[in-house]
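Understanding the architecture of this molecule
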Amino acid sequence: MSDHKLIYRCQQCGHISPKWMGKCPECEAWDSLVEEVAAKGHLKAAKIARHLSRPVSLEEIRADSEPRFLTGTGEWDRVLGGGLTRGSIVLLAGDPGIGKSTLLLQALSKMAAQGPVLYVSGEESPQQLKSRAHRLGISSRDLYIFSETSLEAVLEEMEKKPPLAVAVDSIQTMHTRMLDVAPGSISQVRECASRLMRAGKETGVSIFIIGHVTKEGAIAGPRALEHLVDTVLYLEGDRTHAFRLLRAVKNRFGSTNEVGVFEMKENGLEEVPNPSQLLLAERPRGVSGSVVACSVEGTRPILVELQALVSATGWMQPRRTSMGVDTNRLSLLLAVLEKKLGFNFAQQDVFVNVAGGVRLVEPAADLALTTALMSSYLDRPLPADLVVWGEVGLAGEVRGVGHSALRAAEASKLGFSTCLTPRSNAERFPHDMEGRCLGVRSLQEVLQVVFEQGSGAPERGGR
Ligand SMILES: Nc1ncnc2c1ncn2[C@@H]1O[C@H](COP(=O)(O)OP(=O)(O)OP(=O)(O)O)[C@@H](O)[C@H]1O
Ligand SMILES: [Mg+2]
């Protein structure tokens, strides 16, 4: 018994305390300390068992002939930075029921064309997985299903006959014998992930692990997992919409902020190679408050419809609601419109929505958002063939953004003939591009150029 010591570990940040406390002194989370037994002897033995290595000169290290391979799904390859790196560990996180298992099962079935792959599920039985595979139209001899929650069993399988890739669904259900705590607790999750990572690096097997996201939006319990793995992917989207975005938030082997776009259908998640077209399919024409924005996600421009609704409030405190745009950014832009252009939102509710459940994170969406707000406030629709991008500063100035040529090309490809952009971007607008470019230096100029309003406080249109 002397080898076992009781400790209390915070399930949020991993802080260890010798006694129980109601509040974690490290991350200040309430009721997050859980009792566990630190099996010191086991951990020590495991440390010694790891084989010893020595420093090697960079020259001596053999470069792999092909360190990456294509997964067979274009959107996955894009997000991973041009294919999957051998021996890498990828964390796929997302809200419950968003489609993580579906996406990974489909991806693995495509990879199975190049070699055996293993899908470890601690959540579903082989029969349940079979019925899902049947619905998704998947059948492959080289896709092996393993219903198991013991980490040691999975590692043994991986060593016996190393597959091309392993998927673990989910890391919260796995447990190792080395720790005497429940599966899903932070120490189990971290230990399982780090041992999987070591096994992957040693055998060259690429590993995917699924992680659940908590109510607060963190990958359940351990944010620490994000540091451990090579790549962190978030599967995002509004469950009521069919669109799902696979977003890289960390990638040791490629660019971050790349997105893959999928659409949820009866037969699974289907790739969307041209998302702009689909996102704009049901756009209303000639309606005030609707603007087409161009956002660049990684290296891909996406055109989305941004809608704003400014309407007289019936409340003491007017409402500010935004979906797909940061609420703080919205408040900031409303303040700029009030202070610099004389708009008055004091008695107005403001609602903002990005169609298709897309989230706009780039500051380049500022100008589109302000234009949508102006349009709704003035009740003046924008031309249907207008695309807007640019950053807005606190002084009401419109600042240049990157990837101007890329945005212009996407707009032109989809038949938009006018771009409203920062002046600095307009000066470098590609000459061979069809259509025209309206360059503006300030929001005042937007009022003049787009809404043909002179100086003085803008008149509120409609009711
Ligand atoms: N018969 C069906 N037809 C169409 N869509 C379906 C069908 N069955 C399931 N789906 C979709 O698949 C989603 C569930 O996918 P999946 O089980 O892959 O999610 P998950 O993220 O792995 O969930 P969990 O967090 O519970 O493991 C559902 O939300 C639903 O949108
Ligand atoms: Mg699942």
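Conventions and cut-offs
- Residues numbered from 1 in each chain as written.
- Chains lettered and ligands numbered in written order.
- Predicted model: local features only at pLDDT ≥ 70, side-chain atom pairs only at ≥ 80, totals over all residues.
- Heavy atoms only, no water.
- Domains from an automatic or database assignment.
- 1 Å grid on protein atoms, 1.4 Å probe; cavity = no way out; pocket = protein on both sides within 12 Å on 5 of 7 lines; lining within 4 Å.
- Points joined across faces, edges and corners; volume = space filled by probe spheres on them.
- Helix = DSSP H or I, 4+ residues; strand = E, 2+ residues; numbered from the N terminus.
- Nonpolar A, V, L, I, M, F, W, Y, C, P; charged D, E, K, R; others polar.
- Salt bridge = Lys/Arg side-chain N within 4 Å of Asp/Glu carboxyl O.
- Core = buried A, V, L, I, M, F, W, Y, C linked by side-chain atoms within 4.5 Å.
- Buried < 20%, exposed > 50% of the residue type's maximum accessible area, 1.4 Å probe, protein only.
- Pairing = 2+ DSSP bridges.
- Axes fitted to C-alpha atoms, helices over the stretch in contact; angles between N-to-C directions.
- Contact = heavy atoms within 4.5 Å.
- Arc of directions from axis to C-beta.
- Parallel < 35°, antiparallel > 145°, perpendicular 65-115°, else oblique.

Notes on the domain arrangement of the protein
- What the domain assignment lists for the protein is domain 1 (4-46), domain 2 (65-273) and domain 3 (278-451).
- Here the C-alpha centroids of domain 1 and domain 2 sit 28 Å apart.

A word on the layout of surface pockets
- Looking at the second largest pocket, its volume works out to about 420 Å³.
- If you trace the second largest pocket, you find 21 residues lining it, with Glu236, Gly237, Asp238, Gly357 and Arg359 closest to the centre.
- Per-element accounting of the lining of the second largest pocket gives the leading share, three residues, to strand β11 (residues 231-236).
- Tallied by class, residues from the lining of the second largest pocket come to nine nonpolar, eight polar and four charged.

A short note on the pattern of salt bridges
- Applying the stated criterion to the full structure yields 15 salt bridges.
- Its salt-bridge partner being Lys265, residue Glu270 comes within 2.9 Å of it at the nearest N-O pair.
- Linked through salt bridges whose partners overlap, the residues forming this network are Lys201, Asp230 and Arg252.

A few points about the nonpolar core
- Within the largest apolar cluster, 49 residues are counted, with the highest numbers of intra-cluster contacts made by Leu373 and Leu443.
- The element best represented in this core is helix α10 (residues 366-378), accounting for eight residues.
- Structurally, this core is a two-domain feature, drawing no fewer than three residues from each of domain 2 (65-273) and domain 3 (278-451).

Some points on the pairing of strand β16 (residues 300-312)
- Bridge analysis of strand β15 (residues 290-297) against β16 gives eight bridges, and the strand direction is antiparallel. In the strand pairing of β16, Ala293 is matched with Val304.
- Connecting β15 to the antiparallel partner β16 that follows it, the hairpin turn spans two residues, and Gly298 within it adopts a positive phi of roughly 70 degrees.
- Across seven bridges, β16 lies against strand β18 (residues 348-354) in antiparallel orientation. Each bridged residue has a counterpart across the sheet, and for Val310 the counterpart in β18 is Val350.

Remarks on the sheet that holds β15
- The strand order across the open sheet formed by seven strands is β17-β18-β16-β15-β19-β22-β23, and the pairing between neighbours is mixed. In the strand order of this sheet, the two ends are held by β17 (320-323) and β23 (436-440), each with one partner. Within the sheet, the average angular offset between the axes of one strand and its neighbour, ignoring direction, is 25 degrees.
- Relative to β18, β17 runs parallel, the two being bridged by four bridges. The partner of Ser322 across the bridge, within β18, is Val352.
- In the packing of α10 onto the sheet, the strands contacted are β15, β16, β18, β19 (386-388), β22 (418-422) and β23, and the crossing angle to β16 comes to about 30 degrees.

Focus: helix α11 (residues 404-413)
- Looking at α11, one finds that the buried residues are Ser404, Arg407, Ala408, Glu410 and Ala411. Angularly, the buried residues of α11 cover 160 degrees about the axis, an arc narrow enough to put them on a single face.
- As for α11, its buried residues are in contact with α8 (275-279), β15, β16, β19, β22 and α12 (423-427).
- Of the residues one or two after α11, Gly415 is the one with positive phi, at around 85 degrees.

What about the packing of helix α5 (residues 151-160) against helix α6 (residues 186-203)?
- Where α5 contacts α6, the axes come no closer than 11 Å and their chain directions differ by 5 degrees. Classified by the interaxial angle, the pair formed by α5 and α6 is roughly parallel. Contacts between α5 and α6 involve Leu151, Glu152, Val154, Leu155 and Met158 from the former and Cys192, Arg195, Leu196, Ala199, Gly200 and Thr203 from the latter.
- Of the residues assigned to the contact of α5 with α6, the class counts are seven nonpolar, two polar and two charged.

Points about empty space enclosed by the protein
- Considering all chains together, one arrives at four cavities of 30 Å³ or more under this definition.
- Within this model, the largest cavity holds a volume of roughly 80 Å³.
- As for the largest cavity, its lining consists of 13 residues, of which Arg283, Ser290, Leu382, Pro383 and Ala384 are closest to the centre.
- With three residues, β15 is the single largest residue contributor to the lining of the largest cavity.
- Considered class by class, the residues forming the lining of the largest cavity number nine nonpolar, two polar and two charged.

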